[in-house]
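Structure at a glance
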Amino acid sequence: MTYTDMLDRTPSRMRADQTLLLDLIAVLTANKAGLRRWSVMRAMRQRAEKANREVTPKFEDDVERAFRKFCEGDAVRSGNANPATALFFRPKEKAGEVWAIYPEKAEAWLNGASEAA
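The notes below deal with the structure included here. (Residues numbered from 1 in each chain as written. Predicted model: local features only at pLDDT ≥ 70, side-chain atom pairs only at ≥ 80, totals over all residues. Heavy atoms only, no water.)

1. A few points about the packing of helix H3 (residues 37–50) against helix H4 (residues 59–69)
It is at 11 Å that the axes of H3 and H4 come closest, and there the two elements cross at 110 degrees. One way to sum up the angle between H3 and H4 is to call them roughly perpendicular. Along this stretch, H3 crosses H4, giving a crossing that reads as right-handed. Between H3, through Arg37, Met41, Met44, Arg45 and Ala48, and H4, the contact on the second element is made entirely by Phe59, Glu60, Val63 and Glu64. Residue classes in the contact of H3 with H4 are distributed as 5 nonpolar, no polar and 4 charged. (Axes fitted to C-alpha atoms, helices over the stretch in contact; angles between N-to-C directions. Helix = DSSP H or I, 4+ residues; strand = E, 2+ residues; numbered from the N terminus. Parallel < 35°, antiparallel > 145°, perpendicular 65-115°, else oblique. Left-handed = near helix turned anticlockwise from the far one by under 90°. Contact = heavy atoms within 4.5 Å. Nonpolar A, V, L, I, M, F, W, Y, C, P; charged D, E, K, R; others polar.)

This is the structure we're talking about:
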């Protein structure tokens, strides 16, 4: 069974969350220094529109939830992922709300996700 087959067999909500996560990984991987939240949302909307996916009124909330679920936690934002498995982080040296990715962890996660399927 391929990773795509696995996505096709999950409920539509889980599939939508997975798609958001994969898009978020793609957007942040293309910008290794990180992006401001606003720029991430713009890029995510563009990806969704190009793929003819619906951009719901809660789109930004869903994107942020996906980011936080896999973001290295800090005292202020209370990310859910522990440092060993976190895919995303907020660079401390950058001012403002900047989101970034651990590219090697994201690649390992993607490979693990496709191998588990």
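2. Observations concerning the nonpolar core
Ranked by internal contacts, the top residues of the largest apolar core, which has 23 residues, are Leu24, Leu28, Met44, Val63, Phe88 and Trp99. For this core, the secondary-structure elements that each account for two or more residues are helix H2 (12–29), H3, H4 and strand S3 (98–101). Residue contributions to this core peak at 6 residues, all from H2. Once residues lying within four places of it in the same chain are set aside, the contact partners of methionine 44 are Leu20, Asp23, Leu24, Val27, Phe59 and Val63. (Core = buried A, V, L, I, M, F, W, Y, C linked by side-chain atoms within 4.5 Å. Buried < 20%, exposed > 50% of the residue type's maximum accessible area, 1.4 Å probe, protein only.)

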